[in-house]
Every structure is written in C-alpha cells, then in structure tokens.
Amino acid sequence: AGGMVAPVLLALAVGGPMAAGIKIASRSSSVSLTSDRRNSDRAYDFILENMSKSDIHEITQDSLQEDVELAKQYRAKSEGVWGPVSDEVWMEYVLPPKVATEAYTPWRKDFHEKYWAKASKYTDAGEAVKFLNEQVFKDLNVSYMKEYPGHKPDQNWMESTKLHHASCTGLSIMLVSACRSVGIPARLAMTPAWVTGSEAEDCKHGLSDEDQNHSWVEVLLADGKWHYIGASEPSEFDQTWFTDQAAKAIPSSSESFKNSIYAVSFKPTEFVMPAPWNREKEISVVEVVERYTQKA
C-alpha cells in the first residue's frame, strides 16, 4: 500500500529535527544466533533474520523461542474463528515480539489468556478489534495523557499499566499487542508531522511535540484491506477524529517526507527513519498514505 519514499530524500532531507539522521538503507538484520533449542523452524528463522541488533541483545533466546511457539499455537486457534492468514502477513504482523521501539517484555500469553475467550466470540475480526479497543484500556486502567511523571512515549504494555497513562504511541503499542495476541494482523501507523494551516487549527489530542506527530493502529480484516482506528478511541474503522487531518497528508517526494503516513515494519525496508516519538531510535517503515488521501 503506497509507494516507497524516494531515495533522493537522502540527499535532500535537510532542515528541521526529523531530517537529522534520515537515511535510505536497510536496517542491519544479518545477525546470527545459535541455540541448542533452535531448529529449522521457519517462523523462528524469520524473527532471527529480521531482528535489529539491539533487539537481539535485549531478548533472550529462551524468551524468543517461547514467544514464537505461543504465536504458532494461537495462530491455529484464531484461523479456526476468522479464517487463514498468509504466512507472509502472519510473520510480519502477528509473529514479531515487539511492535515498534518499546522495551521488550513478554505480552503475548498475558493478553491471549485474558482476552481470547471473549474476543473469539466475535465471528467478525473487526468486531473483535473494537471489543479489544474498549476493554483492554478499561481493564488495565490506562488512558491517554500527554505528560506525566515517568512518561516515556514508547512505553510497553507493562510500563503503561504501572503508570496508568500512555502517549498515543504507547496506547497503540498496547492495542497492536492485544490484536496480535489473538491472531489478528495489526501494526502501528503514524505521521511524523500533520499538515496544519495555523496554530489554531492544530490537532491537540495525541500530539507529542513541535512536529505534531501522531500514532494509531491499522488492522487487516476479512476484506483483505488495512483499516485504521485510534487506540483507546472507540469508533468505527476509518472514521476517527483525525480522518480529515490525515486526508491532508502529503505523499513523500524528493523534497519532503515529514507529512506523509507510514506503517512500522518489523522486517527491514528500504526506508529507515528516526522514530518521531524518540529520534534516538530508528524504525523501518512502509508508506501507506494513499489510503488516507484518496477520495471516496
């Protein structure tokens, strides 16, 4: 969905905080791990081949092996309810042990055991997602707040649960995790900067800094299309408070990339950028802006 950011951005992306460190390149992923427990498991190999070096050092082999095995077990259950998901989609948008740049902590088993029974009663995966979007944040007592003691924009679910608050990115990480725990393909989507006409028109909810970045969630549903929804913002798909704002997004070009819309990729892509919520960290992304700007 959407085109890839023009390679010449590397040479022309100058000025502004997001320009620093921008590059068109593949995130390093050729990391080898050996373990007595490792075998020819395709899912496990996919994770090892595509993990960043920092994640390799952060996640123990035992934890990774357990997470992969759980994901495979849960896949069989979810496909019995919502139908099969291709290996490519499942490995990229259900299997990964992390959503974005959050610190790793196990989440799959906790979310699955807490929500599978109720989520699986919905024969439509979209309804299950809407259930999770309402119930998860209510149960864990986590709500949006821009600034609070201990604030970290890319909190994992455990950190957010302890603090009872999260940024738009932290909330999105929680919802993506919950969706993936029941086998529904999900990913974090974001814009580095909204297109705004004036300060008075700026969207204030969920915007974390001077660049007006925002994060939300996309899920792949039965129609084979990605649909978006705001985390902890119960609504219909593709109808949120930022729908009109997203429609103003500008596809990337040789002159600018900041006002487009992207989805975070676990697998390295041609475009690696500083994470808008923490520019000391890098993320691989794919551009998905066309679905937000096309006219009905």
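Below or above, wherever it landed, is the structure these notes cover. (Residues numbered from 1 in each chain as written. Predicted model: local features only at pLDDT ≥ 70, side-chain atom pairs only at ≥ 80, totals over all residues. Heavy atoms only, no water.)

Remarks on the pattern of salt bridges
Inference 1: In the structure shown here, the tally under the stated rule is 14 salt bridges.
Inference 2: The shortest N-O distance in the salt bridge between Asp87 and Arg75 comes to 2.8 Å. Here the residue Asp87 occupies a position in helix α5 (residues 87-93), and Arg75 occupies one in helix α4 (residues 61-82), the gap between them amounting to 12 residues.
Inference 3: The salt bridge involving Lys130 is made with Glu236; its shortest N-O contact spans 3.0 Å. Remark: Glu236 occurs in the loop between β6 (226-229) and α10 (243-246) and Lys130 occurs in helix α7 (residues 125-140); sequence separation between them is 106 residues.
Inference 4: What makes Glu236 partly exposed here is its relative accessible area of 42%. (Salt bridge = Lys/Arg side-chain N within 4 Å of Asp/Glu carboxyl O. Helix = DSSP H or I, 4+ residues; strand = E, 2+ residues; numbered from the N terminus. Buried < 20%, exposed > 50% of the residue type's maximum accessible area, 1.4 Å probe, protein only.)

A few points about helix α9 (residues 168-181)
Inference 1: The end-to-end C-alpha distance of α9, which contains 14 residues, comes to 20 Å, matching closely the 20 Å that a straight helix rising 1.5 Å per residue would cover.
Inference 2: In terms of residue burial, α9 counts as a mostly covered element, since 14 of its 14 residues are buried.
Inference 3: Phi for Gly183, located one or two positions after α9, is positive at around 90 degrees. (Expected span 1.5 Å × (residues − 1).)

Considering the pairing of strand β8 (residues 271-275)
Inference 1: Counting buried residues in β8 gives five out of five residues, a clear majority hidden from the surface.
Inference 2: Note: β8 against strand β9 (residues 278-287), five bridges, orientation antiparallel. Paired with Phe271 across the bridge in β9 is Val285.
Inference 3: Between β8 and β9, which pair antiparallel one after the other, the connecting turn spans two residues. (Pairing = 2+ DSSP bridges.)

Considering the nonpolar core
Inference 1: Grouped together as the largest cluster of nonpolar side chains are 47 residues, with contacts concentrated most on Leu132, Ile184 and Val219.
Inference 2: Broken down by secondary-structure element, the contributors of at least two residues to this core are α6 (108-119), α7, α9, β4 (186-191), β5 (214-220), β7 (262-265), β8 and β9.
Inference 3: Among the elements that line this core, the one with the most residues is α7, at eight residues.
Inference 4: Tyr44, Ile56, Met91 and Trp226 belong to the second-largest nonpolar core, a separate cluster that totals 22 residues. (Core = buried A, V, L, I, M, F, W, Y, C linked by side-chain atoms within 4.5 Å.)

Describing the packing of α6 against α9
Inference 1: Following both chains from N to C, one finds α6 and α9 inclined at 70 degrees, their axes separated by 8 Å at the closest point. Relative to α9, α6 is oriented roughly perpendicular. The two elements α6 and α9 meet at a crossing, and its hand is right-handed. Every residue of α9 that contacts α6 at Arg108, Phe111 and His112 is listed here: Met174, Ser177, Ala178, Arg180 and Ser181.
Inference 2: Here the residues of the contact of α6 with α9 sort into three nonpolar, three polar and two charged. (Axes fitted to C-alpha atoms, helices over the stretch in contact; angles between N-to-C directions. Parallel < 35°, antiparallel > 145°, perpendicular 65-115°, else oblique. Left-handed = near helix turned anticlockwise from the far one by under 90°. Contact = heavy atoms within 4.5 Å. Nonpolar A, V, L, I, M, F, W, Y, C, P; charged D, E, K, R; others polar.)

Topic: the side chain of Ser120
Inference 1: Relative to the helices and strands, Ser120 is located in the loop between α6 and α7.
Inference 2: One polar contact links the side chain of Ser120 to the main-chain carbonyl oxygen of Trp116, over a distance of 2.7 Å.
Inference 3: Those residues in contact with Ser120, other than ones at most four positions away along the chain, are Val81 and Trp82. (Polar contact = N/O pair within 3.5 Å; in protein donor to acceptor, adjacent residues only side chain to side chain.)

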